[in-house]
Amino acid sequence: MLERMFLSAWYGSSKWTYILWPLMLLYRYVVNNKRSTYLANKDLSVTPVPVIIVGNLTVGGTGKTPVVQTLVRYLQKQGYKPGIISRGYGGKVTVFPYSINAVDESQFVGDEPYMLFHSLNVPVVIDPQRKHALQHIVTLGVDIVISDDGMQHYNLPRDIEICVLDGSRGLGNQELIPVGPLREPSDRLDSVDFVLESANEISNTNFVIKPKAWVNVSTGKRLALNDFRVGSVVDAIAGIGNPHKFFQSLKSLNIKCSNYAFPDHYAYQKNDLGKFKGQILMTEKDAVKIRPFAHDNMWFLEIEASLSDTFFERFSQKISALNFERKH
């Protein structure tokens, strides 16, 4: 309830969060101090392999996880051996750094790292101190590292920063937390290497989230979008940063259903789904937590982030330049 109140104010017309202005000033001081300290020591930070941060400037979902998946697959096609580091938000791991393995459960390592590990089959290491995760993952044979989030985690050295924005929400009221949704001032965008914004059409700075297929949560059976049949009773659930985005995707696929939003990273229990009697549609991030008690009437929508050829050209050039510098 509180989360929805803040989101409504940050991205709507309500002004009640401005009573928190003094807290925002304190937050701004801390953020600016961290940034200044990082910049003062930036030249001393040398990464063992190229490190790419895929992060965001705002609180909530922006589509960065599908972007991470697309970048990893692209790098694999180029002959690289990528690995992913993550905070492991929502997990129960207590000993770090921790390398995810096939027998781990999503509740233990966190939903997003779990999903990335199983969808990409690359090393994924979690640690709240991402610098320690980086130090560990390079021992696993990777030659390039992507940090899922971590743009504001300044003890992690980085070579390339990619900031992902939600095209439908933008920067909201453009104020810092807690008055607005910004983790850092908006001019931080001027310092990153790439800004990618979700949109309806691909351009040099835009990307598109495209539905790929429907996958049965229980059995793993895949159906092409055109082969999926919707029943008479259909409910959609979403426990992600921006549930509305998923519901809009269903609408674009001409699927009529009742929509139910849960908090981001929600830890589903079996009884949460007891009231639903027909098909249940969800995101892949929801599915990894529901799989242990899933039924064959549950499906997740597999998606991919499509980026422009121009972006990939510039991205590849930057990586090649980084590798050249390391060799010379």
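This section reports on the structure supplied with the text. (Residues numbered from 1 in each chain as written. Predicted model: local features only at pLDDT ≥ 70, side-chain atom pairs only at ≥ 80, totals over all residues. Heavy atoms only, no water.)

## Description of the nonpolar core
One recurring pattern in soluble globular proteins is that nonpolar side chains are buried together.
Right, so step 1: Counting residues in hydrophobic clusters, the biggest one holds 37 residues, and the most contacted among them are Ile 52, Val 54, Leu 71, Ile 162, Phe 311 and Phe 315.
Right, so step 2: Counting only elements with at least two residues in this core, the list comes to strand 1 (51–55), helix 3 (64–77), helix 5 (111–120), strand 4 (124–126), strand 5 (144–148), strand 6 (160–165), strand 7 (194–198) and helix 9 (309–327).
Right, so step 3: For this core, the element with the highest residue contribution is helix 3, accounting for six residues.
Right, so step 4: If near-sequence neighbours (up to four positions away) are discounted, Val 54 is found in contact with Lys 64, Val 67, Val 68, Leu 71, Ile 146, Ser 147, Asp 148, Asp 149, Ile 162 and Val 164.
Right, so step 5: Counting residues in each nonpolar core, the second largest holds 26 residues, with Met 24, Val 145, Leu 182 and Val 192 among its members. (Core = buried A, V, L, I, M, F, W, Y, C linked by side-chain atoms within 4.5 Å. Buried < 20%, exposed > 50% of the residue type's maximum accessible area, 1.4 Å probe, protein only. Helix = DSSP H or I, 4+ residues; strand = E, 2+ residues; numbered from the N terminus. Contact = heavy atoms within 4.5 Å.)

## What to know about the packing of aromatic side chains
Right, so step 1: Counted according to the given criterion, the structure contains 18 aromatic pairs.
Right, so step 2: With a centroid separation of 5.5 Å and 85 degrees between ring planes, the pair formed by Tyr 98 and Phe 108 is classed as edge-to-face. Taken together, the residues Tyr 98 in strand 3 (residues 98–99) and Phe 108 in helix 4 (residues 106–109) connect sequence positions 10 residues apart.
Right, so step 3: A network of ring pairs unites the aromatic residues Tyr 74, Phe 194, Phe 311, Phe 312 and Phe 315 as a single cluster.
Right, so step 4: The ring of Tyr 38 carries Arg 158 above its face, with NZ or CZ at 5.1 Å from the centroid. (Phe/Tyr/Trp six-rings, centres within 6.5 Å; stacked < 30°, edge-to-face > 60°. Lys NZ or Arg CZ within 6 Å of the ring centre and 35° of its normal.)

## So, the layout of surface pockets
Right, so step 1: A volume near 290 Å³ is recorded for the second largest pocket.
Right, so step 2: Broken down by secondary-structure element, the contributors of at least two residues to the lining of the second largest pocket are helix 1 (2–11) and helix 7 (243–252).
Right, so step 3: By residue number, the principal contributor to the lining of the second largest pocket is helix 1, which donates four residues. (1 Å grid on protein atoms, 1.4 Å probe; cavity = no way out; pocket = protein on both sides within 12 Å on 5 of 7 lines; lining within 4 Å. Points joined across faces, edges and corners; volume = space filled by probe spheres on them.)

## A look at the packing of helix 3 against helix 9
Right, so step 1: Helix 9 packs onto helix 3 with a crossing angle of 65 degrees between their chain directions and a minimal axis gap of 12 Å. In this structure, helix 3 crosses over helix 9, and the sense of that crossing is right-handed. Of helix 9, the residues touching helix 3 (which contributes Thr 70, Leu 71, Tyr 74 and Leu 75) are Phe 311, Phe 312, Phe 315, Ser 316 and Ile 319.
Right, so step 2: Across the contact of helix 3 with helix 9, the residue classes break down as seven nonpolar, two polar and no charged. (Axes fitted to C-alpha atoms, helices over the stretch in contact; angles between N-to-C directions. Left-handed = near helix turned anticlockwise from the far one by under 90°. Nonpolar A, V, L, I, M, F, W, Y, C, P; charged D, E, K, R; others polar.)

## Notes on the side chain of Thr 62
Right, so step 1: By the secondary structure assignment, Thr 62 is in the loop between strand 1 and helix 3.
Right, so step 2: Residue Thr 62 is classed as buried on the basis of its relative accessible area, which comes to 2%.
Right, so step 3: In terms of polar contacts, Thr 62 uses its side chain to reach the backbone carbonyl oxygen of Val 164, at 3.3 Å.
Right, so step 4: Contact partners of Thr 62, with chain neighbours within four places excluded, come to Asn 56, Val 164, Leu 165, Asp 166, Ser 198, Phe 207 and Lys 245. (Polar contact = N/O pair within 3.5 Å; in protein donor to acceptor, adjacent residues only side chain to side chain.)

## Structural notes on the pattern of salt bridges
Between side chains of opposite charge, a pair can form as their charged atoms come close.
Right, so step 1: Applying the stated criterion across every chain, the model contains 13 salt bridges.
Right, so step 2: Across the pair Glu 161 and Arg 188 runs a salt bridge, and its minimum N-O distance is 2.7 Å. In this pair, Glu 161 sits in strand 6 while Arg 188 sits in the loop between strand 6 and strand 7, placing the two residues 27 residues apart along the sequence.
Right, so step 3: We classify Glu 161 as buried; its relative accessible area is 6%.
Right, so step 4: In this structure, the salt-bridge partner of Arg 222 is Glu 302, at a minimum N-O distance of 2.7 Å. (Salt bridge = Lys/Arg side-chain N within 4 Å of Asp/Glu carboxyl O.)

## Structural notes on the pairing of strand 7
Right, so step 1: Because side chains alternate across strand 7, one face comprises the buried residues Phe 194, Leu 196 and Ser 198, and the other comprises Val 195 and Glu 197, none of which is buried.
Right, so step 2: Sheet topology note: the strand 7/strand 8 (residues 206–216) ladder contains two bridges and is parallel. Bridged to Glu 197 within strand 8 is Asn 206. (Pairing = 2+ DSSP bridges.)

## Things to note about the packing of helix 3 against helix 5
Right, so step 1: Two elements in contact, helix 3 and helix 5, have axes whose closest approach is 11 Å; the angle formed by their N-to-C orientations is 30 degrees. Relative to helix 5, the element helix 3 is oriented roughly parallel. In this structure, helix 3 meets helix 5 at a crossing whose hand is right-handed. Of helix 5, the residues touching helix 3 (which contributes Lys 64, Thr 65, Val 68, Gln 69, Val 72, Arg 73 and Gln 76) are Glu 112, Met 115, Leu 116, Ser 119 and Leu 120.
Right, so step 2: Class assignment of the residues belonging to the contact of helix 3 with helix 5 gives a composition of five nonpolar, four polar and three charged. (Parallel < 35°, antiparallel > 145°, perpendicular 65-115°, else oblique.)

## Looking at the pairing of strand 5
It is a general feature of regular strands that their side chains alternate between the two faces of the sheet.
Right, so step 1: With five of five residues buried, strand 5 lies mostly within the body of the structure.
Right, so step 2: Side-chain alternation along strand 5 places Ile 144, Ile 146 and Asp 148 on one buried face and Val 145 and Ser 147 on a second face that is also buried.
Right, so step 3: One ladder, built from four bridges, connects strand 1 with strand 5; its direction is parallel. Within strand 5, the position partnered with Ile 52 by the bridge is Ile 146.
Right, so step 4: Both strand 2 (residues 82–86) and strand 5 contribute to a ladder of five bridges, which runs parallel. Looking at strand 5, one finds that Gly 83 is bridged to Val 145.

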